[in-house]
Amino acid sequence: MRRTRLVAALLAAAVVSPALTTAPAGAYERPALALTWQDEFDSPAGTLPSASRWNFDVGGEPQWGNEEWQYYTDRAENVSTDGAGLLVVQARKEKLAGMENCPYGTCDITSGRITTKAKFDQAYGKFEARIKIPDGPGLWPAFWMMGSNIDEAGWPNNGEIDIMEIVGSEPYTLYGTVHGPGYHSENGPGGSITAASKWADAFHNYAVEWSPNKIVWTVDGTAFHTVTPDDIPAGATWVFDHSFYLLLNLAVGGVWPGPPTSSTQFPAKMLVDYVRVYS
């Protein structure tokens with residue numbers, strides 16, 4: 001998520017219906033799981049994400065590194081519960097103080113980005129969220145993970161696991177990718193799955209099942225991509241053997257996915273039913 005990349009030509013695609021809920025026979029063996037952390041977002045309408053679970057990332061470029069247009073805030077207008085069990089991450093067309101001289105775009109888009117950094121992290125297990133993404137060119141919803149040692153090691157040496165990335169210009173394609181030292185940006189080993197209908201048309205369960213030396217991406221229970229140390233460049237270091245924390249955000253514009261157009265509707269809403277982690 002934190003990089004400039006052109007991925008379409010690099011990712012292997014499969015075609016499935018997004019309604020599929022059963023993994024192909026023999027796809028891989030799932031381990032036994034125990035719930036270790038969750039957020040069901042069942043607070044009253046207008047409530048900010050739990051401060052015991054989540055942090056807000058705030059501000060605009062150049063800190064996100066992709067020439068993105070949005071300015072992240074810590075306001076309920078951009079991230080809050082709806083009172084019906086959903087967290088709403090919302091990109092809005094509006095101008096706030098401090099946005100006037102943004103380096104990219106129209107300087108009038110706010111959005112939300114939350115993380116569990118220093119509040120929850122885990123090595124290995126299943127990391128899952130049920131999400132309905134918005135539809136429209138220039139939108140980039142994501143559910144992802146960063147190595148918790150980022151302050152010491154820096155990116156990409158800490159490692160990054162992108163569980164779900166879907167860009168509005170490719171509404172039928174779901175991407176899953178890892179980034180590490182020597183295999184980041186457009187060189188991050190990734191896979192994709194192409195659906196018969198837009199991913200934005202319904203809620204889907206996006207997850208990775210991560211064990212030592214293996215990460216498996218699934219959507220609605222169907223495995224579509226696997227990465228092991230054999231998939232990273234020769235001589236590069238596998239950095240997926242320590243704790244990672246979670247992120248949810250809705251980016252707008254940038255090198256990837258490109259700019260919004262006149263057909264992109266604002267406010268654009270990413271709806272999160274739950275986030276659950278298992279060991």
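Above this note sits the structure.
A brief report on the enclosed structure follows. Just so it is clear, the model here is predicted, and its values are computed rather than measured.

**Re the state of the cysteines**
And step 1. Going through the model one piece at a time under the given rule, you end up with 1 disulfide.
And step 2. Two residues, Cys102 and Cys107, share a disulfide whose sulfurs are 2.0 Å apart. On the sign convention where negative means left-handed, the S-S torsion of about -100° between Cys102 and Cys107 marks this disulfide as left-handed.
And step 3. The exposure class of Cys107 is buried, given its relative accessible area of 11%.

**Some remarks on the nonpolar core**
And step 1. Of all hydrophobic cores here, the largest spans 51 residues; its most connected members are Ile131, Ile161, Phe240 and Val275.
And step 2. In contact with Ile131, other than residues within four places in its own chain, are Phe143, Met164, Ala202, Phe203, His204, Tyr206, Leu248, Met270, Leu271 and Val272.

**Notes on the pairing of strand β9 (residues 125-132)**
And step 1. Most of β9 is tucked away, with 6 of its 8 residues classed as buried.
And step 2. Sheet analysis places β9 next to strand β14 (residues 204-211), joined by 7 bridges and oriented antiparallel. The residue of β14 that forms the bridge with Ile131 is His204.
And step 3. Pairing of β9 with strand β18 (residues 268-278) involves 7 bridges; the strand directions are antiparallel. Paired with Arg130 across the strands is Tyr274, a residue of β18.

**Here's the deal with the pattern of salt bridges**
And step 1. Tallied over the full model, the rule gives 10 salt bridges.
And step 2. Ionic pairing is found between Asp39 and Arg53, a salt bridge with its closest N-O pair at 3.9 Å. Placement of Asp39 in strand β2 (residues 35-39) and of Arg53 in the loop between β2 and β3 (55-56) is noted, with a sequence separation of 14 residues between them.
And step 3. When its relative accessible area of 6% is taken as the criterion, Asp39 is described as buried.

**A closer look at the environment of Val239**
And step 1. You can see Val239 is positioned in the loop between β16 (222-227) and β17 (244-252).
And step 2. Looking at Val239, the relative accessible area reads 8%, which means it is buried.
And step 3. Each C-alpha atom, one on Val239 and one on Gly159, is 5.6 Å from the other, the two residues being 80 residues apart in sequence.
And step 4. Setting aside anything within four residues of it in sequence, one finds Val239 in contact with Pro156, Asn157, Asn158, Gly159, Gly180, Pro181, Tyr183 and Phe244.

**A closer look at the pairing of strand β13 (residues 190-195)**
And step 1. Within β13, 5 of the 6 residues are buried, which leaves the element mostly enclosed by the surrounding structure.
And step 2. Pairing between strand β12 (residues 173-179) and β13: 5 bridges, direction antiparallel. Bridge pairing links Tyr175 to Ser192 in β13.

**Some words on the side chain of Asp220**
And step 1. Mapping Asp220 onto the fold places it in the loop between β15 (214-219) and β16.
And step 2. Summary of buried charges: Asp220 has no salt-bridge partner, and the nearest side chain of opposite charge, Arg130, is 6.9 Å away.
And step 3. Polar side-chain contacts of Asp220 include one of 2.7 Å to the side chain of His204.

**Focus: the packing of aromatic side chains**
Between two aromatic rings, the relevant description is the distance of the centres plus the angle of the planes.
And step 1. Applying the stated criterion to the full structure yields 13 aromatic pairs.
And step 2. When the centroid spacing of 5.0 Å and the interplanar angle of 20° are considered together, the rings of Trp37 and Phe120 count as stacked. In this pair, Trp37 sits in strand β2 while Phe120 sits in the loop between β8 (113-115) and β9, placing the two residues 83 residues apart along the sequence. One exposure class covers both Trp37 and Phe120, and it is buried.
And step 3. Geometrically, the ring pair formed by Trp64 and Tyr72 is edge-to-face, given 5.3 Å between the ring centres and 70° between the ring planes.

Analysis parameters
- Residues numbered from 1 in each chain as written.
- Predicted model: local features only at pLDDT ≥ 70, side-chain atom pairs only at ≥ 80, totals over all residues.
- Heavy atoms only, no water.
- Disulfide = S-S within 2.5 Å.
- Buried < 20%, exposed > 50% of the residue type's maximum accessible area, 1.4 Å probe, protein only.
- Core = buried A, V, L, I, M, F, W, Y, C linked by side-chain atoms within 4.5 Å.
- Contact = heavy atoms within 4.5 Å.
- Helix = DSSP H or I, 4+ residues; strand = E, 2+ residues; numbered from the N terminus.
- Pairing = 2+ DSSP bridges.
- Salt bridge = Lys/Arg side-chain N within 4 Å of Asp/Glu carboxyl O.
- Lys, Arg positive; Asp, Glu negative; His and termini not counted.
- Polar contact = N/O pair within 3.5 Å; in protein donor to acceptor, adjacent residues only side chain to side chain.
- Phe/Tyr/Trp six-rings, centres within 6.5 Å; stacked < 30°, edge-to-face > 60°.

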